Amino acid sequence: MNRLTNAAELQALKDHLVQTQDPNRPIVRVCRGPGCLALGADKVSQAFQAAITSQGLGVKVQPLIKETGCHGFCSQGTMVNVAPANLCYVRVKPEDVEEIIQTTLLKGGVLERLLYHDNGTRYKSEAEIPFYRLQKKVILKNVGVIDPSDIHDAIMAGAYQSFAKALTTMSPDEVIHTVGISGLRGRGGGGFPTGFKWQKAVESVRENPGPLYIIANGEEGDPGAFMDRAIMEGDPHAVIEGMALGAYAMGAHLGFLYVRHEYPIAIRHLTTALQQARALGLLGKNILGTGFDFDIQISRGAGAYVCGEETAIIASLEGRIGEPVTRPPYPSEQGLWNRPTIINNVETWANVRHIIDRGAQWYADLGVAHSTGTKIFSLVGKVKNTGLVEVPMGISLGTLVEEIGGGVPGQEHFKAVQTGGPSGGIVPYEFRDIPPEALKPESVGLQARESIPEKKELTVDFDSMAQTGSIMGGGGMIVMDDHDCVVDVARYFLRFLEEDSCGKCLPCRLGLKGMLEFLNNFSQGKGAPEDIDALESLGRALVDGSLCGLGRSAPNPVLTSIRYFRDEYLAHIVDHKCPAGVCRDLITYRIAPDICNGCTLCAQTCPQVCITGEENKPHTIDQDACIRCGACVDVCPVNAVVVD
Amino acid sequence: MSSLDNPQSEVINFSIDGQPVQAKPGWTILETARHNHIHIPTLCYHPAIKPWGSCRLCVVEVRYGKRGKVLPSCLHPPIEELEVFTNSEPVLNVRRWVLEMLLAAVPASREIKKLAAQYGVTSTRFPITDPEEECLRCGRCVAVCSEVVGVQALTFGSAGVNKTMETPYRVPNNACIGCGCCVSVCPTGALQKRLDTVRGDLSRRTGHGFAH
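Residues numbered from 1 in each chain as written. Chains lettered and ligands numbered in written order. Predicted model: local features only at pLDDT ≥ 70, side-chain atom pairs only at ≥ 80, totals over all residues.

Novice: Would you mind going over the sheet that holds strand E2 (residues 19–23) of chain B with me for this structure?
Specialist: Sheet strands pair by backbone hydrogen bonding; their relative direction is either parallel or antiparallel. Residues and elements named next belong to chain B. The five strands are arranged E2-E1-E5-E3-E4 in an open sheet whose pairing can be described as mixed. Strands at the two margins of the open sheet, each flanked by one partner only, are E2 and strand E4 (67–72). With strand direction ignored, the average angle separating the axes of adjacent strands in the sheet is 30°. On the sheet, helix H3 (residues 89–105) packs against strand E3 (59–64), E4 and strand E5 (83–85) and is oriented at approximately 160° with respect to E3. (Pairing = 2+ DSSP bridges. Helix = DSSP H or I, 4+ residues; strand = E, 2+ residues; numbered from the N terminus. Axes fitted to C-alpha atoms, helices over the stretch in contact; angles between N-to-C directions. Contact = placed C-beta atoms within 7 Å.)

Novice: I tried to follow the environment of Asn-521 of chain A on my own but got confused; where do I start?
Specialist: Residues and elements named next belong to chain A. You can see Asn-521 is positioned in helix H20 (residues 506–523). Placed 379 residues apart in sequence, Asn-521 and Asn-142 show a C-alpha to C-alpha distance of 49 Å. Those residues in contact with Asn-521 that sit more than four places away from it in its chain are Lys-526 and Gly-527.

Novice: How should I be thinking about the pairing of strand E13 (residues 387–392) of chain A in this particular structure?
Specialist: Remember that side chains alternate between the two faces of the sheet whenever the strand is regular. Residue and element names in this part refer to chain A. Along E13, six of the six residues are buried, which leaves the element largely enclosed by surrounding structure. Looking at chain direction, strand E12 (residues 374–381) and E13 are connected through six bridges and run antiparallel. Following the sheet pairing, Ser-378 is matched in E13 by Leu-388. (Buried ≥ 20, exposed ≤ 12 C-beta atoms within 10 Å, placed from the backbone.)

Novice: Would you mind going over the environment of Pro-47 of chain B with me for this structure?
Specialist: Mapped onto the secondary structure, Pro-47 of chain B falls in the loop between helix H2 (29–35) and E3. It is 9.1 Å that separates the C-alpha atoms of Pro-47 of chain B and Glu-31 of chain B, two residues lying 16 residues apart in sequence.

Novice: Please explain unusual backbone geometry as it appears in this structure.
Specialist: All names here are of chain A. Residue Pro-328 follows Arg-327 across a cis peptide bond; omega there is -10°. With respect to the element layout, Pro-328 can be found in the loop between helix H13 (310–318) and strand E11 (341–345). With an omega dihedral of 0°, the bond running from Pro-328 to Pro-329 counts as a cis peptide bond. Inspection of the secondary structure puts Pro-329 in the loop between H13 and E11. The phi angle at His-576 is positive, at roughly 55°, despite the residue not being glycine. Following the sequence through the fold, His-576 ends up in the loop between helix H24 (566–573) and strand E19 (589–591). What makes His-576 partly exposed here is the crowd of 13 C-beta atoms within 10 Å.

Novice: How do you make sense of the interface of chain A and chain B when you look at a structure like this?
Specialist: Frequently, the measure chosen for interface size is the accessible area that the parts lose on association. Counting from both sides, the interface comprises 24 residues of chain A and, opposite them, 20 residues of chain B. Elements with a minimum of two residues in the side of chain A that touches chain B: helix H19 (486–500), H20 and helix H21 (529–545) of chain A. Ranked by the residues each element gives to the side of chain A that touches chain B, the list is headed by H20 of chain A, at eight residues. By residue class, the composition of the side of chain A that touches chain B is eight nonpolar, seven polar and nine charged. (Nonpolar A, V, L, I, M, F, W, Y, C, P; charged D, E, K, R; others polar.)

Novice: Sorry if this is basic, but what is going on with the pairing of strand E10 (residues 292–301) of chain A here?
Specialist: Residue and element names in this part refer to chain A. Summarising the sheet, strand E8 (residues 254–260) and E10 pair through seven bridges and their orientation is parallel. Paired with Arg-260 across the two strands is Gly-301, which belongs to E10. Alignment of strand E9 (residues 284–287) against E10, held across two bridges, turns out to be antiparallel. From the neighbouring strand, Gly-284 faces E10, where its bridge partner is Phe-294. The hairpin turn running from E9 into E10, its antiparallel successor, is four residues long, and Leu-288 in that turn takes a positive phi close to 50°.

Novice: I would appreciate a short explanation of the domain arrangement of chain B in the present structure.
Specialist: Here chain B is partitioned into domain 1 (2–87) and domain 2 (140–202). Opposite the seven residues of domain 1 of chain B that make contact, domain 2 of chain B presents seven residues. (Domains from an automatic or database assignment.)

Novice: Before we go on, may I ask you to explain the packing of H19 of chain A against H20 of chain A in this structure?
Specialist: When two helices pack together, their arrangement is given by the angle between the helix axes and the distance between those axes. All names here are of chain A. H20 packs onto H19 with a crossing angle of 150° between their chain directions and a minimal axis gap of 10 Å. Judged on the interaxial angle alone, H20 and H19 are roughly antiparallel. Of the two possible hands of crossing, H19 and H20 adopt the one that is left-handed. Note on element contacts: H20 touches H19 through Leu-512, Lys-513, Met-515, Leu-516, Leu-519, Asn-520, Phe-522 and Ser-523, opposite Val-487, Asp-488, Ala-490, Arg-491, Leu-494, Arg-495, Leu-497 and Glu-498. Taken together, the residues of the contact of H19 with H20 sort by class into nine nonpolar, two polar and five charged. (Parallel < 35°, antiparallel > 145°, perpendicular 65-115°, else oblique. Left-handed = near helix turned anticlockwise from the far one by under 90°.)

Novice: For this particular structure, what's the right way to read the nonpolar core?
Specialist: Across soluble globular proteins, nonpolar side chains show a tendency to be buried alongside one another. Core analysis: the biggest nonpolar cluster contains 243 residues, and Ile-231, Val-239, Met-250 and Val-417 of chain A together with Cys-141 of chain B have the highest contact counts within it. For Met-250 of chain A, the residues in contact, after removing those within four places along its chain, are Trp-198, Ala-201, Val-202, Leu-212, Ile-214 and Ile-342 of chain A. In terms of nonpolar packing, the next biggest core, distinct from the first, is built from 11 residues, Ala-603, Cys-606, Ile-621 and Val-641 of chain A among them. (Core = buried A, V, L, I, M, F, W, Y, C linked by C-beta atoms within 7 Å.)

Novice: In this structure, what is going on with the sheet that holds E12 of chain A? I would like to understand it.
Specialist: Residues and elements named next belong to chain A. Strand order in the open sheet formed by five strands is E13-E12-E18-E15-E16, and the pairing between neighbours is mixed. At either margin of the open sheet sits one strand with a lone partner, and together these are E13 and strand E16 (425–428). Between one strand and the next, the sheet's axes are offset by a mean angle of 30°, whatever the strand orientation. Across the sheet, helix H23 (residues 556–564) touches strand E15 (416–419) and E16, and the angle it forms with E16 is around 25°.

Here it is in structure tokens:
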């Protein structure tokens, strides 16, 4: 690769690459997102490679096999996209590869069998599938399209054009101003206006001259969230370009990519991308001949959830124990090595190039007032179409879960959605799309005492989510159905946070343990109704008293679930029943004699050997010996095991 | 930061519990309160070391215009016209819960029992795991050893709920000069019993320690 010495050379390189590309050359894009990899995407792409290199195919133009980032539709993995017809094949297995080559690559036909189908309709391309149709891909535009380990592919797709544009035609202040008026807010969860933060850092440097550092926060520790991972794995240049733009705007010369150690592919792709960008002269000294110097180092986190907090990241980068310290002073005034430091989430950085490229107004028009642009969510849990979705801010929760997500399989509607990861809240179905006057506690049995959103439906943006007591967070959306117990869900998240609390301040270290104590009792049917109020009051003590965002937001799942599902808590404590049939100490398994066909599968599976019965005759469970593991429920072919 | 806007003013005027007070630039809310004999309880704060903000007993409610917030007074400097409340409901809620949890976490400490009783907390709903425990991991000893003595013989081990106060690698530390500063700053006297685990048996000391 030759070093580019000016912006015109970058443009020339792009034009050259686009012109030399044969538009009719078949391209097979195999998704290598986390979901597809788990389903064997590696074998599928190997099978394609092997088939193409060994057979020679006898065609003029060899197809190109690309291993791309996440295509998003994780429940349908392994996903394979075949260009130029843009056919979208789902659930591809290595054995299907031969047929795809024969039918599609050689004859240009469509392999109906592997198309996505729903309700009798078969969809040929991504654009037709309802899951994709309602999305608006901006940040994820190149994820799943380009080969993340080839910078040329990224440049063809427009990477580094915004950087070149800013370097040659915009002043640093103009860049900050553009980001400011675009209304971009931090995507890590806090939602702080990015442009304002940048401006602050620049002012701090003016008062106190010296270096300024920028950091990309890729420590995405929330269970069930993989937005940042998809960007870093699928389009690493988006993050690098965003950081380079920020560095130019704020006059930084060194940036850090703080990536969690659990993301080895992201680290590999980012490392490759950095090397290639340096080789092309897009990073390093005298970038594109403008005299601007900037480089990025990768720093790996060691698996601490709390190191997603910005002051803890700084401590970790400095080599201290990853514990937060009190703000102020904010990192934008005094951060890494006591210098002004800007920490933005990976997704925030990835937004910047689109704002510079297409303008602040275009970006602001994408979302709603005060929450502009698009947001990536990882839609997981009890929803038909799980995966990664990018939608404009302000979309209604109902549209997101029921139309894009396809609703809950086998049930009329979802019960609640946990938004914003472990520190987020549980938002009930009632907030989906009914007018606020119907949201009075008596009409829907809600215990909502405080603010009820004064709008027709709950839209997904920073301020509306905050009104419900939840947070937007990083973008995890865990959908729950009637078989999920809110007490158990709150307990799960609290246990996660208790393990990941750094232990510095007393409310968080002792309080999370204490709250968990309450919930453990509830899940065993112990406790008194007053304990719910005590738990709420303890939760508020944590919100007020804790040092960092982890402790301050940790009670959210508990507080929101008490607020919206107090009935369910009472059912555990007063009636000693778990309505969802989850909490082990409060349920019993029973075999319905009229349904049981006596297949003996449950008796063979039971680890306690407490299911008895003759072949072809109804079985029974010995309740005293049963440990309620649920193995019989899972194996029963006729659903005869019922939960009481 | 009104004091910065107006270089003439050498003091910051604000109020604590309705009483007008003046702070010198650089003072925290806690220091101003102590100067004015207004009591705010603390466990981890010590004038000899940098405020660390771990015990959260010193929280106060601050109101500035329409905005209100609960903050640790040991870390936050006041601003002009700030209203500080040391005994409002959210503040007492935090203190009572922290003290109740401390009664379970450090049941052997008489100091904590006394302090808790002042806030009406005499029993705890939480299970006691170690009835002998006195250390609340406030960090005073670690800070004084590093900031004042300068030897770092003490450190925190593990993280989260398992956090412990210990010596590096959990062996008696030759860096310890046996000055006893950690014992003297300890708010509960937990280190009185443990000094030997820090410096080790003096007769068996090896290596290049300090004068022992």
